[in-house]
Amino acid sequence: MKKDMKKIYRKLILCLSMLLYITTGCNKTKEKIVQQEEYMLGTFIQAKVYDSNKTKAKKSLEKAFKRVEEIEERFSVNIPTSEISQINKNAGIAPTKVDEEVIYLLRKSTYYSKLSQGAFDPTIGNLVQLWGIGTDHAQIPDDESLQKALSIVNFNDLIINEEKSVVSLAKKGQRLDLGAIAKGYAADEMKKNLIEEGVRTAFLNLGGNVLTIGSKPDGSSWKVGIQNPFTTRGNYIGILEVRDQAIVSSGNYERYFEEEGKRYHHILDPRTGYPSNNGIISTTIITNQSIDADALSTAVYVMGLEKGLALINSLADTEAVFITNEKKVYITSGLEEKFHLTNGEFTCEKR
Ligand code: FAD
Ligand code: MG
């Protein structure tokens, strides 16, 4: 009997020490959060990496932010030496030799221009400059200047020669602006760099363009708030549950100015030259790549509810949330289980 007790006791000790080993082992490998925040692309970029190796996580973040720096230098219209500024300078004069990633982004832009029948148009640059929304010289343009700028907005005038790696704009004065798509591309490139460095769990937010890598460290979905367009940043109308996806919003609350009680925001309708005014005040796209979500969020904002929903419902693995100025929320069918309305002032309908 005594012998048996000893055996049991020994086994118990063994089990306890194994348990201790497992729990301390877990503590050692427990994922830590490493965060970095930078002001780039005219916005705040926040990145959180969850990894057991802090040094590796820090290095991977540094590399990812370095990549954004390169993208800004290549695509910014505010940097005179950028390749986009060069294309703009050469508009109607000569083709411009560009890097293959410029070709990639411009091809994507043309694709979404066609898909949205011109609601998304990367040749909108002159109109963006004329309105100056988000700058200290924002203003309602005079009609003559507006019509002049509008007359040279045409994505068909963007000519891409992939073989020779050259790009041209057909008419003098035409001006590209990739503000509605390049931030999405930057997010995808950050993700690509982090994955290359072995990161498996991360949360990126490039001024409203959210991109997640994997699921939360505990295996559950990430919970992303959908901004209440009637209030300032940080107020949500609902929560989206996502894993390994991009969530990109466009809204009239991001960049705007007000004059005589009217709001003039930065998403312009290429048909009128004025801020889009069709009852939609916020659109959110959920899909795999941020570049696609970014272009689509702007495109469907301008297309409006019916046409925008029809477009999203025609695309694979793409979901959307539309919010109207009457506080109505419309979600696509794939979000039924993933979107939770939390603000009682709004109503939600599946379409
Ligand atoms: P989105 O809906 O994704 O895009 C709206 C923007 O796209 C508008 O601001 C306009 O630029 C353009 N646009 C408007 N209407 C249309 C349309 N119908 N079709 C296509 N495009 C349209 N901001 C600064 O203040 N300072 C900077 O130095 C600066 N540098 C930047 C550099 C780069 C490379 C990029 C990509 C952006 C930069 N920005 C800068 C812009 C800033 O980050 C914008 O707020 C952002 O691009 C707009 O994104 P959004 O998600 O708010 O809206
Ligand atoms: Mg966009």
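Structural data are supplied above this passage.
In this numbering scheme, every chain counts its residues from 1 along its sequence in written order. The naming scheme follows written order: chains are lettered A onward, ligands numbered 1 onward. With the structure being a predicted model, the display of local features is reserved for residues of pLDDT at least 70 and the display and counting of side-chain atom pairs for 80 or more, all residues being used for whole-chain, interface and lining totals. Think of the side-chain values as coming from all heavy atoms in the structure, minus any hydrogens and water.

Q: I'd love a proper account of the pattern of salt bridges, names of residues and values included.
A: The salt bridge definition used is simple: a Lys or Arg side-chain nitrogen within 4 Å of an Asp or Glu carboxyl oxygen. For the coordinates displayed, the defined rule picks out 21 salt bridges. Salt-bridge contacts for D99 lead to R74; the nearest nitrogen and oxygen are separated by 3.5 Å. Here D99 is found in the loop between β3 (96-97) and α4 (100-115), whereas its partner R74 is found in helix α2 (residues 54-75), with 25 residues between them in sequence. Summary of the burial criterion: residues with accessible area below 20% of their type's maximum are buried, those above 50% are exposed, and those between are partly exposed, where the area comes from a 1.4 Å probe applied to protein chains only. Look at D99 and you get partly exposed, because its relative accessible area is 28%. For R74, a relative accessible area of 21% corresponds to the partly exposed category. In the salt-bridge network here, residues are joined through shared partners; they are R67, E70, R74, E83, D99, E101, E189 and K192. The way it works is that DSSP assigns letters per residue, a run of H or I at least four long becomes a helix, a run of E at least two long becomes a strand, and they are numbered from the N terminus.

Q: So what's going on with the pairing of strand β4 (residues 158-161)? Which residues, and what values?
A: By the alternation rule, side chains of β4 split into L158 and I160, which are all buried, and I159 and N161, of which none is buried. In this sheet, strand β5 (residues 166-169) lies alongside β4 in antiparallel orientation, the contact comprising 4 bridges. By the bridge assignment for β5, L158 is matched with L169. Here, a strand pair is defined by DSSP locating no fewer than two bridges between the strands. The hairpin turn running from β4 into β5, its antiparallel successor, is 4 residues long, and S165 in that turn takes a positive phi close to 55°.

Q: Please set out the sheet that holds strand β9 (residues 236-242) residue by residue, giving values where relevant.
A: Taken in spatial order, the 3 strands line up as β8-β9-β16 in an open sheet, and their pairing is antiparallel. Sheet topology places β8 (222-227) and β16 (339-341) at the edges, where each strand pairs with a single neighbour. Mean inter-strand twist for the sheet, computed between neighbouring axes without regard to direction, equals 25°. The pairing of β8 with β9 spans 6 bridges and is classified as antiparallel. Bridge pairing links V224 to L240 in β9. Throughout, an axis means a line fitted to C-alpha atoms (over the contacting stretch in the case of helices), and angles, computed between N-to-C directions, take values from 0 to 180 degrees.

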